[in-house]
Amino acid sequence: MENQKKTRILIIYTGGTIGMVETPDGLQPFDFSHLMDNVPKISKLGYEIESVQFPQPIDSSNMNPTYWNMIVKDIADRYEEFDGFVVLHGTDTMAYTASALAFMLRNLRKPVVITGSQLPIGAVREDGTENLISAVEVAGAKDENGDPIIQEVVISFQDYIIRGCRSTKFTSTGFEAFHSFNYPSLGAIDLHIVYNEPYLLRHDTKLPLEPFYNMDPNILVMWLYPGITEDVVKAQLATKGIKAVVLRTFGAGNAPTEQWFLNAISDAVKNGLIIYNVTQCLNGGAESKRYYTGDMLTKAGVISGYDITVEAAVTKLMYLIGSGYTKEQITDYLQTSIVGELSD
Ligand code: ASP
């Protein structure tokens, strides 16, 4: 027992409320040592914990692909050294980062557990301490064969562990800030941490981790609403440099059938834009064949996103376009699951 190797966890601190401190100008990111000083009981887990932090921790509203590359590199560079990774991150864009990392960490077989908090560690009443401790415990959890229980990117927050690329932040005030509306949670954080084994991601092959660093940010999200005008639609579709559009449609993937609208969409597709149908509803998905209004979009060349979240749709497009796939390949990938982001 004595000689048994200790579980090793790398914590990557990017910023966010979890490590912020109160200043006269409001909450501001602070450094990692402040955060760990406030959680001495983490040592009781018996893990060997190391940490790295962004040179300048950020509010996650400033998150972007350059920062994603930094997180991916931190994990890839030390992948063999650690059993699991915890990413401390602001909640505001956590679901985007969780989705982006799921695509960028190709062939991931170890836990990457993202967490943060709604109130800073060190505040009198807060959620950060428990979230951090649970995340570290999840990152170190192994099955009876010694394999990691989690082999994908997840968010561990308050009472649940959810798949990263299925997550959405749905409240700015509640402690249970994240939800997976279209896929069961992967675990419950109760008295014990109980994993929902049939739903955990498993891969057939054991290829080495292949980090990806070329997310293409030239994506537009176009949100439909009753009364949207031709000028507004055309101006957005004419945005310089965009390569793909996430079209936020109504209900089961429906959109207006006015001729000007359908023409604008099919002209954009003919001009090479990829248009991805993602419903505005949090639960359910685009079933574009169900209604005439949705079918018209398919006929105009729009690709159905089924039950994908907008966060996963945006980052999947960044990933696929950045990978240099052909339009045909991208069309196929958009309709199939790569890392469990949609039910195909
Ligand atoms: N604005 C903060 C951030 O996302 C909010 C949080 O951490 O909850 O960095």
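Below, the structure is looked at part by part. None of these values were measured; they are calculated from a predicted model. (Residues numbered from 1 in each chain as written. Predicted model: local features only at pLDDT ≥ 70, side-chain atom pairs only at ≥ 80, totals over all residues. Heavy atoms only, no water.)

1. Re the overall build of the protein
Item 1. Each helix and strand in the protein was counted, giving nine helices and 18 strands.
Item 2. Taken over the C-alpha trace, the protein has a radius of gyration of 21 Å; the compact-globule value for 344 residues is 20 Å, and the two agree within 12%.
Item 3. Overall, the C-alpha framework of the protein stretches about 70 × 50 × 35 Å when taken along its three principal axes.
Item 4. Relative to its full complement of 344 residues, the protein shows a buried share of 53%.
Item 5. For the protein, the proportion of contacts with a sequence separation of at least 24, taken over those separated by at least 6, is 73%.
Item 6. Carbon and sulfur atoms provide 51% of the accessible area of the protein, an area that totals close to 15,600 Å².
Item 7. Taking the average location of the 27 positive side-chain charges in the protein and that of its 41 negative ones, the two points are 5 Å from each other. (Helix = DSSP H or I, 4+ residues; strand = E, 2+ residues; numbered from the N terminus. Rg over C-alpha atoms; globule rule 2.2 N^0.38 Å. Buried < 20%, exposed > 50% of the residue type's maximum accessible area, 1.4 Å probe, protein only. Contact = heavy atoms within 4.5 Å. Areas by Shrake-Rupley, 256 points an atom, 1.4 Å probe, with all protein chains shown as cover. Lys, Arg positive; Asp, Glu negative; His and termini not counted. Charge placed at Lys NZ, Arg CZ, Asp CG, Glu CD.)

2. Re helix 8 (residues 310-322)
Item 1. Between its terminal C-alpha atoms helix 8 stretches 18 Å, which fits the 18 Å expected from 13 residues at 1.5 Å a residue.
Item 2. Counted residue by residue, helix 8 has 13 buried out of 13 residues, so it is predominantly covered.
Item 3. Looking one or two places after helix 8, you find Gly324, whose phi comes out positive at around 80 degrees. (Expected span 1.5 Å × (residues − 1).)

3. Description of the nonpolar core
It is characteristic of soluble globular proteins that their nonpolar side chains tend to be buried jointly.
Item 1. Ranked by internal contacts, the top residues of the largest apolar core, which has 57 residues, are Leu105, Val112, Val153 and Tyr276.
Item 2. If you tally residues by element for this core, the top one is helix 8, at nine residues.
Item 3. Counting 30 residues, the second-largest nonpolar core is a separate cluster that includes Ile9, Ile11, Ile150 and Tyr183. (Core = buried A, V, L, I, M, F, W, Y, C linked by side-chain atoms within 4.5 Å.)

4. A word on the side chain of Thr279
Item 1. Note on placement: Thr279 falls in strand 17 (residues 274-279).
Item 2. On the accessibility criterion, Thr279 (3% relative accessible area) is buried.
Item 3. Within the local environment of Thr279, its side chain forms a polar contact with the backbone nitrogen of Cys281, the two atoms lying 2.9 Å apart.
Item 4. In contact with Thr279, not counting residues within four places along its chain, are Arg248, Thr249, Phe250, Gly251, Gly284, Gly285 and Ala286. (Polar contact = N/O pair within 3.5 Å; in protein donor to acceptor, adjacent residues only side chain to side chain.)

5. Description of the packing of helix 8 against helix 9 (residues 327-334)
The axes of two packed helices give the description: the angle between them and the distance between them.
Item 1. The contact between helix 8 and helix 9 brings their axes to 10 Å, and the two run at 150 degrees. With respect to helix 9, the axis of helix 8 lies roughly antiparallel. In the crossing of helix 8 with helix 9, the sense of the turn from one axis to the other is right-handed. The residues of helix 9 that touch helix 8, namely those facing Lys316, Leu317, Leu320 and Ile321, are Ile330, Tyr333 and Leu334.
Item 2. Along the lines of polarity and charge, the residues of the contact of helix 8 with helix 9 split into six nonpolar, no polar and one charged. (Axes fitted to C-alpha atoms, helices over the stretch in contact; angles between N-to-C directions. Parallel < 35°, antiparallel > 145°, perpendicular 65-115°, else oblique. Left-handed = near helix turned anticlockwise from the far one by under 90°. Nonpolar A, V, L, I, M, F, W, Y, C, P; charged D, E, K, R; others polar.)

6. Section: the sheet that holds strand 12 (residues 187-189)
Item 1. With mixed pairing, eight strands are arranged side by side in an open sheet as 4-1-5-7-8-9-12-13. A single partner strand is all that each edge strand has here, and the edge strands are strand 4 (48-58) and strand 13 (193-195). Neighbour to neighbour, the strand axes of the sheet diverge by 20 degrees on average, direction disregarded.
Item 2. Against the sheet, helix 2 (residues 65-77) engages strand 1 (8-15), strand 4, strand 5 (84-88) and strand 7 (112-115), with an angle of about 160 degrees to strand 4. (Pairing = 2+ DSSP bridges.)

7. Observations regarding the sheet that holds strand 18 (residues 303-304)
Item 1. Here we have four strands laid out as an open sheet, ordered 15-16-17-18, and parallel in their pairing. With one partner strand each, in any of the chains shown, strand 15 (219-223) and strand 18 form the two edges of the open sheet.
Item 2. Summarising the sheet, strand 15 and strand 16 (residues 244-249) pair through five bridges and their orientation is parallel. Following the sheet pairing, Met222 is matched in strand 16 by Leu247.
Item 3. Relative to the sheet, helix 5 (residues 230-237) contacts strand 15 and strand 16, its axis offset from that of strand 15 by approximately 165 degrees.

8. Some points on the side chain of Ser134
Item 1. Of note, Ser134 is situated in helix 4 (residues 128-140).
Item 2. Accessibility expressed as a relative area gives 11% for Ser134, which makes it buried.
Item 3. Among residues more than four places away in sequence, those in contact with Ser134 are Ser156, Ile189 and Ile193.

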